[in-house]
Amino acid sequence: MKNYNLYKCKVERSSINGNYTVWLPEQEDNDFVQMIVDNNSFSHGTFWERLVKVSANEFGLDISEVYFAPEADVFVSYTSSFQLAKEMETIFNNLITNFEFLRRMVIISGIQYNYN
């Protein structure tokens with residue numbers, strides 16, 4: 001696996017409606033993630049949405065008030081709860097910085113992959 005730059009998840013508050021946007025910018029190529037996306041024919045945004053939902057479930061985080069809107073290779077969601085947004089931010093930053101955590105969440109999610 002090659003090294004790549006990480007673009008961490010960020011939470012921003014909308015000046016229009018006060019909601020919190022949780023977004024994960026498009027990441028530079030990560031061989032593991034790219035292999036999964038290619039093998040399953042879905043976008044990076046969809047991949048990250050699945051993983052944050054699985055991760056949230058694993059940690060007992062109620063995301064029922066989150067509106068998910070992945071946009072191609074960028075993950076985006078909206079919530080009115082700052083605390084929930086910050087917890088999602090923490091999950092994402094763990095997913096992109098901790099390969100073992102990422103791999104475990106992929107396994108739990110049932111997403112098909114073949115990587116040793």
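Provided above is the structure to which this section pertains.
Residues numbered from 1 in each chain as written. Predicted model: local features only at pLDDT ≥ 70, side-chain atom pairs only at ≥ 80, totals over all residues. Heavy atoms only, no water.

Trainee: Any details on the packing of helix H1 (residues 31-40) against helix H4 (residues 99-109)? Residues and values, ideally.
Mentor: Relative to each other, H1 and H4 sit at 15 degrees, their axes nearing to 11 Å. Looking at the two axes, H1 sits roughly parallel to H4. Between H1 and H4 the crossing geometry is left-handed. Residues Phe-32, Val-33 and Ile-36 of H1 pack against Phe-99, Leu-102, Arg-103 and Val-106 of H4. Across the contact of H1 with H4, the residue classes tally to six nonpolar, no polar and one charged. (Axes fitted to C-alpha atoms, helices over the stretch in contact; angles between N-to-C directions. Helix = DSSP H or I, 4+ residues; strand = E, 2+ residues; numbered from the N terminus. Parallel < 35°, antiparallel > 145°, perpendicular 65-115°, else oblique. Left-handed = near helix turned anticlockwise from the far one by under 90°. Contact = heavy atoms within 4.5 Å. Nonpolar A, V, L, I, M, F, W, Y, C, P; charged D, E, K, R; others polar.)

Trainee: Residue-level account of the pattern of salt bridges, with values.
Mentor: Under the counting rule described, the total for this entry stands at three salt bridges. Here Lys-86 ties to Glu-89 by a salt bridge, and the two come within 2.6 Å at their closest N and O atoms. A residue pair is termed a helical-turn pair when its members lie 3 or 4 positions apart in one helix, as Lys-86 and Glu-89 do in helix H3 (residues 82-97) at three residues. (Salt bridge = Lys/Arg side-chain N within 4 Å of Asp/Glu carboxyl O.)

Trainee: So what's going on with the pairing of strand E1 (residues 10-13)? Which residues, and what values?
Mentor: The sheet contact formed by E1 and strand E2 (residues 20-24) spans four bridges and is antiparallel. Its bridge partner lying in E2, Val-11 is registered against Val-22. Taken together, E1 and the strand that follows it, E2, pair antiparallel across an intervening segment of six residues, in which Gly-18 is found at a positive phi of about 80 degrees. (Pairing = 2+ DSSP bridges.)

Trainee: Go over H3, please, and point to the residues and values.
Mentor: For an α-helix the count is 3.6 residues per turn, leaving residues at separations of three or four pointing the same way. For H3, spanning 16 residues, the distance from its first C-alpha to its last is 22 Å, which sits close to the expected 22 Å at 1.5 Å a residue. For H3, the complete set of buried residues consists of Leu-84, Ala-85, Met-88, Glu-89, Ile-91, Phe-92, Asn-93, Leu-95 and Ile-96. Elements in contact with the buried residues of H3: E1, E2, helix H2 (44-58), strand E3 (67-68), strand E4 (75-79) and H4. (Expected span 1.5 Å × (residues − 1). Buried < 20%, exposed > 50% of the residue type's maximum accessible area, 1.4 Å probe, protein only.)

Trainee: Any chance you could break down H4 for me, citing the residues and the numbers?
Mentor: Within H4, burial applies to Phe-101, Leu-102, Met-105 and Val-106. For H4, the buried positions fall inside an angular range of 135 degrees around the axis, keeping them on one side. The opening residue of H4, the one whose side-chain oxygen lies 3.1 Å from the backbone nitrogen of Glu-100, is Asn-98. Among the residues trailing H4, Gly-110 stands out with phi positive, at a value near 85 degrees. (Arc of directions from axis to C-beta. Polar contact = N/O pair within 3.5 Å; in protein donor to acceptor, adjacent residues only side chain to side chain.)

Trainee: Any details on unusual backbone geometry? Residues and values, ideally.
Mentor: Of note, Ser-41 is a non-glycine position whose phi angle comes to about 55 degrees, a positive value. With respect to the secondary-structure elements, Ser-41 resides in the loop between H1 and H2. Residue Ser-41 is classed as exposed on the basis of its relative accessible area of 70%.

Trainee: Please set out the nonpolar core residue by residue, giving values where relevant.
Mentor: Among the nonpolar cores identified, the biggest contains 34 residues, and Phe-47, Trp-48 and Met-88 are the most heavily contacted of them. Breaking this core down by element, the ones donating at least two residues are E2, H1, H2, H3 and H4. Ranked by the residues each element gives to this core, the list is headed by H3, at seven residues. Look past the residues within four positions of Trp-48 in its chain and what remains in contact with it is Leu-24, Val-33, Phe-75, Phe-92, Leu-95, Ile-96 and Leu-102. (Core = buried A, V, L, I, M, F, W, Y, C linked by side-chain atoms within 4.5 Å.)

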